[in-house]
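The chain contents come next:
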Amino acid sequence: MSNKAARNLFIFGSIFFFVIFLALTYDTMSQVEKRAPEITEGVNAGKMVWHKYDCIGCHTIFGNGSYFAPDMTKIVEKKPKGYLKQFLMDPKAVNPNASMPTLGISASEADEMITFLDWISKVDTNGWPPKPILAVASGVAGKELTPGEKVYRAQNCSGCHSISGIGGTSGPALNHVGSKREKTWLIGHFKDPKAFVPNSAMPPFGHLSEKDLNDLADYMVSLK
Amino acid sequence: MSIKYESQKIAQYFYTFAVILFLVQVLVGIIAALQFMWPDFFFLNFNTIRTLHINALVVWLLVGLMGATYYVIPEESETELWSVPLALLQFWATVVAVTAVVLGYIWMGFSPQANSLVLGTQLLNEGREYIEAPRWADILIVISVLLFLFNCFMTVLKTKKWTGIQGTLLGGLLFLALMYLPGMAYTKNMIKDQWWWWWVIHLWVEGTWEVIAGALLAFMLMKVTGAKREVLEKWMYIEVGLVLFTGILGTGHHYYWIGTPGYWLWIGGIFSSLEPVPLLVMVWDAFRTTREHRVSANRPGQYYAVAHAIFNFVGAGLWGVVHTLPQVNKWTHGTQITTAHGHLAFYGAYVLLVLAMIYVTLPAIRGVKSFNESRSFQSFWWMTISMVFIVLTITGAGMVQTYMERLMGLDYVAVKANYNLWFWILRAIFGVGFLIGVWIFVVDYFKLGKEPQRAVSAAPERA
């Protein structure tokens, strides 16, 4: 390859990829509005508070930031809003072990910030952050087990099936079973698997009560 | 060794400012490392210290690259710089603006409420990672860079000798200036905010800066080995071409989880996985050139240049590619794994690049044929070994964090305070090792060529 050919390849190749990038930017910009709730004045005011106090200097949001303090993407789902407000205004009064300094955030600024963080938590982030698989599997992720989850455990379904990577691999993974199957299909299938999947090696669970089967099917439908 | 054009000496102003900021950057870096163990250790909070640590890094690298460019352009154009007073004005304007911004950060550190809204923008700190500088400083930075580019282009136009190296260097710098603009506007939507922010951050460090690195690597190899320009420039075009072919769409690896459409998982995953390829070609290029031309005109310069190529590949390439696929990144994103990658990538790709340029050009600027080389090798090993261990400890912390927080569901604070404590302690210790290396380098920078020469090397000169 001559030097001139190499140079032209560099220049025109780079322009080619940049044009593709611009086209994708245009497409993405037309989609992002639909992937999050509407931005109210309150959300924007909260975003300004977020910038004013340089929160990104310690925290991360969407996983981007300083890795010195917890990620804020789903914080409103994890903590009650009343707690967040009190903590923002005077962290060490709420938790003496807290590392966060008192920045002088006012009550109205704290409310605006929580409105902003609430908006952030509702953005479609392609499933990030993922639910911690071991905590979910052992049912200690802060929630009581649902009746369906109890049946799933009592019948040792995880001996063959997996959810979020935890469990056996003999049967299909159930991560998204709720978006594939109807409830009636599921209950019928529990009672007589072979009638629905000809080569199925799954044992029939017709001996379970109608309530248990119903609860288990509810749990399966919730897996989307 | 001596310079061909008097105006090349202007590079020294920029180098000196860069070297001082390098020392400041590492000093505040150690404070930040201690704050991982004792958050209240210093009178400024972590956010201020970290902002200083990273802003000092970005500024000293940019200032160093400007100095290097002022050295390269007259040599390649075979003429004096278009205007030395303009370059001096641009230098002092940069120093004043940077000092003002730093004082603003410190003021805000003492009194967060001082960061008030003036004309719709924050007065002292925009609160956006890496580009915290307020709007008034943004405008000054753009003016400074435009003056710098204008001066360089006018120099080239004097003789119209468009060599491949200087064309690529100036093209990279022009694109760098343009890519600062998307980060200047405010947007209400945090998704769009992060979108344009990544244009600046990613298209700088994994785009234009690597293009500049490719051009300077070719220049340095030509200077220290006497290799043929035609061969070096051909490989340079291939390297910087591959950098942009993979790097532009590789921006997609930042668009997995910020609210952008799912197709970015495919685009980002595929293209960013290919990003190490041009960096590997650079390593091969550096090895081939130095082996074919066994005569070295400047051993420390060659040493740092080859080390830059190697650690660019290891830090930016390998340490990046391990967590770039969305299947992996889903678990590691936002953990210390990213910090580890950031440290080794910046050290290899840009710190060693600027230091290599200083060692290649400074002896000529100071007008010495040979100089005491031992300090340059001492500082290299202190810095490199310390940085490798800093990166290994942070990588360990990131693995523990990924497992305990992301997989097991432990609380962020519990993992940081308890399970990663040893990693923070070791990181701070290796940080002091790095500081020792930097100090040796700073001493070497100020003494190089100014000490009495040893008789052996001085004798032939007198004859």
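Conventions and cut-offs
Residues numbered from 1 in each chain as written. Chains lettered and ligands numbered in written order. Predicted model: local features only at pLDDT ≥ 70, side-chain atom pairs only at ≥ 80, totals over all residues. Heavy atoms only, no water. Helix = DSSP H or I, 4+ residues; strand = E, 2+ residues; numbered from the N terminus. Rg over C-alpha atoms; globule rule 2.2 N^0.38 Å. Buried < 20%, exposed > 50% of the residue type's maximum accessible area, 1.4 Å probe, protein only. Contact = heavy atoms within 4.5 Å. Areas by Shrake-Rupley, 256 points an atom, 1.4 Å probe, with all protein chains shown as cover. Lys, Arg positive; Asp, Glu negative; His and termini not counted. Charge placed at Lys NZ, Arg CZ, Asp CG, Glu CD. Polar contact = N/O pair within 3.5 Å; in protein donor to acceptor, adjacent residues only side chain to side chain. Axes fitted to C-alpha atoms, helices over the stretch in contact; angles between N-to-C directions. Parallel < 35°, antiparallel > 145°, perpendicular 65-115°, else oblique. Nonpolar A, V, L, I, M, F, W, Y, C, P; charged D, E, K, R; others polar. Domains from an automatic or database assignment. Salt bridge = Lys/Arg side-chain N within 4 Å of Asp/Glu carboxyl O. Buried area = accessible area lost by both parts, 1.4 Å probe. Patch = residues over 30% accessible without salt bridge, like charges linked within 9 Å, V, L, I, M, F, W, Y side chains within 5 Å. Disulfide = S-S within 2.5 Å. pLDDT = per-residue confidence, 0-100. Core = buried A, V, L, I, M, F, W, Y, C linked by side-chain atoms within 4.5 Å. Phe/Tyr/Trp six-rings, centres within 6.5 Å; stacked < 30°, edge-to-face > 60°. Lys NZ or Arg CZ within 6 Å of the ring centre and 35° of its normal.

To continue, consider the overall build of chain A. Tallying secondary structure elements over chain A gives twelve helices and four strands in all. Relative to the compact-globule value of 17 Å for 224 residues, chain A shows a C-alpha radius of gyration of 25 Å, a clear excess of over 25%. Dimensions of chain A, computed from the C-alpha atoms along their principal axes, are close to 70 × 65 × 30 Å. Within chain A, the fraction of its 224 residues that count as buried is 44%. The long-range share in chain A, meaning contacts at least 24 apart out of those at least 6 apart in sequence, stands at 51%. Per element, the accessible surface of chain A, about 11600 Å² overall, is 59% carbon and sulfur. Side chains of chain A give 24 positive and 21 negative charges; the mean places of these two sets differ by 6 Å.

Residues and elements named next belong to chain B. Here Ser-144 is to be found in helix α4 (residues 135–159). Classification of Ser-144 by relative accessible area gives buried; the value is 10%. A polar side-chain atom of Ser-144 sits 3.0 Å from a polar atom in the side chain of Thr-94. With residues near it in sequence (within four places) discarded, Ser-144 still touches Met-66, Gln-90 and Thr-94.

Let us look at the packing of helix α2 (residues 46–77) of chain B against helix α3 (residues 84–110) of chain B. Residues and elements named next belong to chain B. Relative orientation of the contacting elements α2 and α3 amounts to 175 degrees, with a least axis distance of 11 Å. Put simply, α2 runs roughly antiparallel to α3. For the pair α2 and α3, the contacting residues are Thr-48, Thr-51, Leu-52, Asn-55, Val-59, Val-63, Met-66 and Tyr-70 in the first and Ala-87, Gln-90, Thr-94, Val-98, Val-102, Tyr-105, Ile-106 and Gly-109 in the second. Tallied by class, the residues present in the contact of α2 with α3 amount to ten nonpolar, six polar and no charged.

This part covers the domain arrangement of chain A. Domain annotation of chain A identifies domain 1 (36–121) and domain 2 (133–222). On a C-alpha basis, the centres of domain 1 of chain A and domain 2 of chain A stand 38 Å from each other.

What follows is about the pattern of salt bridges. Side-chain pairs of opposite charge can arise where the charged atoms are in close proximity. Summed over all chains, the structure comprises 23 salt bridges over all chains. B:Arg299 serves as the salt-bridge partner of B:Glu373, at 3.3 Å between the closest nitrogen and oxygen. Residue B:Glu373 is located in the loop between α12 (336–366) and α13 (374–407), and its partner B:Arg299 is located in helix α10 (residues 299–321); the two are separated by 74 residues in the primary sequence. According to the relative accessible area criterion, B:Glu373 is partly exposed, its value standing at 24%. A salt bridge links B:Arg375 to B:Asp444; its shortest N-O distance comes to 3.0 Å. On the criterion of sequence distance, the pair formed by B:Arg375 in helix α13 and B:Asp444 in helix α15 (residues 421–447) is long-range, its members being 69 residues apart. There is no split in this pair, since B:Arg375 and B:Asp444 are both buried. What emerges from the salt-bridge pattern is a single network uniting A:Lys47, B:Arg128 and B:Asp193.

Let us now look at the interface of chain A and chain B. Listed by partner, the interface residues are 68 residues for chain A and 83 residues for chain B. Both faces considered, chain A and chain B share a buried interface measuring about 6500 Å² in area, 65% of it formed by carbon and sulfur atoms. Taken as a group, A:Phe21, A:Tyr67 and A:Phe68 account for 13% of the area that chain A buries against chain B, more than any other trio of residues on that side. The tally of links from chain A across to chain B stands at three salt bridges. A:Glu33 is paired through a salt bridge with B:Lys192; the nearest N and O atoms lie 2.7 Å apart. Summed over the shared surface of chain A and chain B, the result is 32 residue pairs in polar contact (both at pLDDT 80 or more). Of all the secondary-structure elements, those providing two or more residues to the side of chain A that touches chain B are α1 (3–32), α2 (41–52), β2 (64–65), α6 (107–121) and α7 (133–137) of chain A. By residue number, the principal contributor to the side of chain A that touches chain B is α1(A), which donates 19 residues. Of the residues contributing to the side of chain A that touches chain B, the split by class is 38 nonpolar, 19 polar and eleven charged.

With that settled, the discussion passes to a nonpolar patch on the surface. Residues and elements named next belong to chain B. A contiguous nonpolar patch, built from Tyr-303, Trp-381, Ile-385, Phe-389 and Leu-392 and spanning about 470 Å² of accessible area, is present on the exposed surface. Tallying contributions element by element places α13 first for the nonpolar patch, with four residues. One can find Trp-381 in helix α13.

Residue and element names in this part refer to chain B. For chain B, the domain assignment lists domain 1 (1–161) and domain 2 (213–449). Here domain 1 and domain 2 have C-alpha centroids that lie 20 Å from each other. Each partner contributes to the interface: domain 1 provides 31 residues, whereas domain 2 provides 43 residues. Remark: the boundary between domain 1 and domain 2 carries two salt bridges. Among the salt bridges present, the one from Lys-223 reaches Glu-75, with a minimum N-O distance of 2.4 Å. Taken together, the links from domain 1 to domain 2 amount to six residue pairs in polar contact (both at pLDDT 80 or more). Elements with a minimum of two residues in the side of domain 1 that touches domain 2: α1 (11–35) and α2.

A word on the state of the cysteines. Residue and element names in this part refer to chain A. Per the counting criterion, the structure on display carries zero disulfides over all chains. Summary of cysteine pairing: Cys-55 is not part of a disulfide, and the nearest cysteine sulfur, belonging to Cys-58, is at 8.9 Å. Under the relative-accessibility criterion, Cys-55 is labelled buried at 12%. The structure places no disulfide on Cys-160, whose sulfur is separated from the nearest cysteine sulfur, that of Cys-157, by 8.8 Å. Taking relative accessible area as the criterion, Cys-160 reaches 38% and is therefore assigned partly exposed.

Right, let's talk about the confidence of the model for chain B for a bit. All names here are of chain B. On average, residues of chain B carry a pLDDT of 94, and 97% of them reach 70 or more. Taken element by element, chain B is modelled with least confidence in helix α16 (residues 455–462), mean pLDDT 46, and with most confidence in α1, mean pLDDT 98. Overall, residues 457–463 carries pLDDT values under 50, and its contacts beyond four positions in sequence, including any with other chains, amount to three contacts.

Tracing the backbone through its elements, the reader meets B:Thr339 in helix α12. Ignoring any residue separated from it by four or fewer positions in sequence, one finds B:Thr339 in contact with A:Tyr67 and B:Ile394.

All right, on to the nonpolar core then. Counting 186 residues, the largest nonpolar core has A:Trp50, B:Phe22 and B:Trp60 as the members making the most contacts within it. With 24 residues, the single largest contributor to this core is helix α6 (residues 190–225) of chain B. Beyond its immediate sequence surroundings of up to four residues, B:Trp60 is in contact with B:Ala18, B:Leu21, B:Phe22, B:Gln25, B:Val351, B:Val354 and B:Leu355. One finds A:Tyr152, A:Leu174, A:Val177 and A:Leu223 within the second-largest nonpolar core, a separate group that totals 18 residues.

This part covers the packing of aromatic side chains. Using the criterion set out here, one finds 58 aromatic pairs over all chains in the structure. Both rings, one in B:Tyr263 and one in B:Trp264, keep their centres 5.7 Å apart while their planes meet at 40 degrees; by these two values the pair is tilted. With relative accessibility at 25%, the residue B:Tyr263 sits in the partly exposed group. Summarising the aromatic geometry, the rings of B:Tyr347 and B:Phe434 are spaced 5.7 Å apart at their centres and angled 75 degrees between planes, so their arrangement reads as edge-to-face. Placement of B:Tyr347 in helix α12 and of B:Phe434 in helix α15 is noted, with a sequence separation of 87 residues between them. For B:Arg366, the ring lying beneath its charged end belongs to B:Tyr445, and the centroid distance is 5.2 Å. Positioned above the aromatic ring of A:Phe68, the side-chain terminus of B:Lys416 is 3.7 Å from the ring centre.

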